[in-house]
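What the coordinates show
One-letter residues, chain by chain:
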Amino acid sequence: MAEPSRDPASKPVPSVRGERPPPDFNYVGIDAILEQMRRKAMKQGFQLNIMVVGQSGLGKSTLVNTLFKSKVSRRSMQATAEERIPKTIEIKSVSHDIEEKGVRMKLTVIDTPGFGDHINNENCWQPIMKFINDQYEKYLQEELNINRKRWIPDSRVHCCIYFIPPTGHSLRPLDVEFMRRLSKVVNIVPVIAKADTLTLEERDFFKQKIGEELGAHGIDVYPQKEFDEDTEDRMINEKIREMIPFAVVGSDQEYQVNGRRILGRKTKWGTIEVENIAHCEFAYLRDLLIRTHMQNIKDITSSIHYEMYRVKRLNESNAYSNGVSEQDASTNEM
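Counting restarts for each chain, with residues numbered from 1 along the sequence as it is written. Note on the predicted model: pLDDT of at least 70 is required for a residue's local features to be given, and 80 or more for side-chain atom pairs to be given and counted; whole-chain, interface and lining totals, by contrast, use all residues. Hydrogens and water molecules were not included; the side-chain quantities draw on all heavy atoms of the structure.

Quick word on the packing of aromatic side chains
In summary, the pairing rule links any two rings of Phe, Tyr or Trp, Trp by its six-membered ring, whose centres are within 6.5 Å, and it sorts them by plane angle into stacked for under 30 degrees, edge-to-face for over 60 and tilted for everything else. This structure, assessed with the given rule, holds six aromatic pairs. Taken together, a centroid distance of 6.0 Å and an interplanar angle of 55° make the contact between Tyr 136 and Tyr 306 tilted. Placement of Tyr 136 in helix α4 (residues 126-144) and of Tyr 306 in helix α9 (residues 294-333) is noted, with a sequence separation of 170 residues between them. Across the pair, exposure class does not vary: Tyr 136 and Tyr 306 are buried alike. Runs of E in the DSSP output that reach at least two residues are strands. Runs of H or I that reach at least four are helices, and both are numbered from the N terminus. To sort residues, take the accessible area from a 1.4 Å probe on protein chains only and compare it with the maximum for the residue type: under 20% means buried, over 50% means exposed, and anything in between is partly exposed.

So, in structure tokens, the structure goes:
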């Protein structure tokens, strides 16, 4: 049999190295928006404002330093003699620029020295409430400007870590009053400070007792049930809510254990590993604040807490304007 003639034009064209494959006919490119958002976010950087509240000696500064593995707390700076013993509740903030794997974040830590340290602690939550509302007011005034800035500086408090003393019994009236009032204006994450001073049985009992008291007093801490967006969120957040308050231990001291570098507290009977979930719940707190819910915490601050403040202020302004207008009209009629 004679072989069929081969047309030179029908030979497959060898692919050129580096040549792009033919485009998918059905591809539009909508998914590229994710990369555009990532590039923009990387250029702008991120911001997180954390407030720590609790009486002196509960390890607030140490815990914040442990969270970010940096000397970021106010106590890391050299304090003057006057700062060491505040006579009243003072609000002090320290900002730091942190970078990890090319991601930049401006972290502001707001401390409240003097809280709960006095014989009479009545209404000691008021300066803190005023500070939080003042930051909302600053943001609101920037928004109301005719010539607004392209990027409004955000000093709003995104999260408040409230430190509960490890008494092992129940919440103090001060704890209840503070969280009841402040949970309406800011995301509160309660933690049991220095949890290594409690036995495992005492810790479990204390956590259960606090959970019952929070429910009894209608205190809605973060993550709030009403803000769960879907079933998946509800399942994830329900596990977190079951662990609240987190029993934590903070330490910025490094040790070598079995050839591993760890952050921990060394005692006569062993080393308490801060990031070991068998020893304490610090890792769960870190994951919540940084690795899984940071953006959600900021979103709730902006869309819920700040929005409630904004609506209240605008309603007050409208009521005042209407009152002035009515007064002017009655004056003219006379």
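Quick notes on the pattern of salt bridges
One side chain can pair with another of opposite charge once the charged atoms of both are near each other. Salt-bridge detection follows one rule: a side-chain nitrogen of Lys or Arg within 4 Å of a carboxyl oxygen of Asp or Glu. Counted by the stated rule, this structure contains 22 salt bridges. Linking Glu 316 and Arg 313 is a salt bridge whose minimum nitrogen-to-oxygen distance equals 3.7 Å. Separated by three residues within a single helix, Glu 316 and Arg 313 lie in helix α9, roughly one turn from each other. Note on Glu 316: relative accessible area 40%, which makes it partly exposed. Here the salt bridges share partners, and the residues they tie into one network are Lys 69, Glu 275, Arg 286, Asp 287 and Arg 291.

Concerning the pairing of strand β9 (residues 270-273)
Direction of pairing for strand β8 (residues 260-267) relative to β9: antiparallel, over a ladder of four bridges. The partner of Gly 264 across the bridge, within β9, is Glu 273. At least two DSSP bridges between two strands are needed for those strands to be called paired.

A closer look at the environment of Ser 303
Residue position: Ser 303 is located in helix α9. Pairing of N or O atoms within 3.5 Å defines a polar contact, subject to two protein rules: one partner must be a possible hydrogen donor and the other a possible acceptor, and residues neighboring in sequence count only if both atoms are side-chain atoms. At 2.7 Å, the side chain of Ser 303 forms a polar contact with the backbone oxygen of Asp 299.

Regarding the sheet that holds β8
Strand order in this open sheet of three strands is β7-β8-β9, and the pairing throughout is antiparallel. Each edge of the sheet is formed by a strand with only one pairing partner; in this case those strands are β7 (254-257) and β9. Averaged over all adjacent pairs, the angle separating strand axes in this sheet is 70°, with direction ignored. Helix axes use the C-alpha atoms of the stretch in contact, all axes being lines fitted to C-alpha atoms, and the angles between their N-to-C directions lie in the range 0 to 180 degrees.

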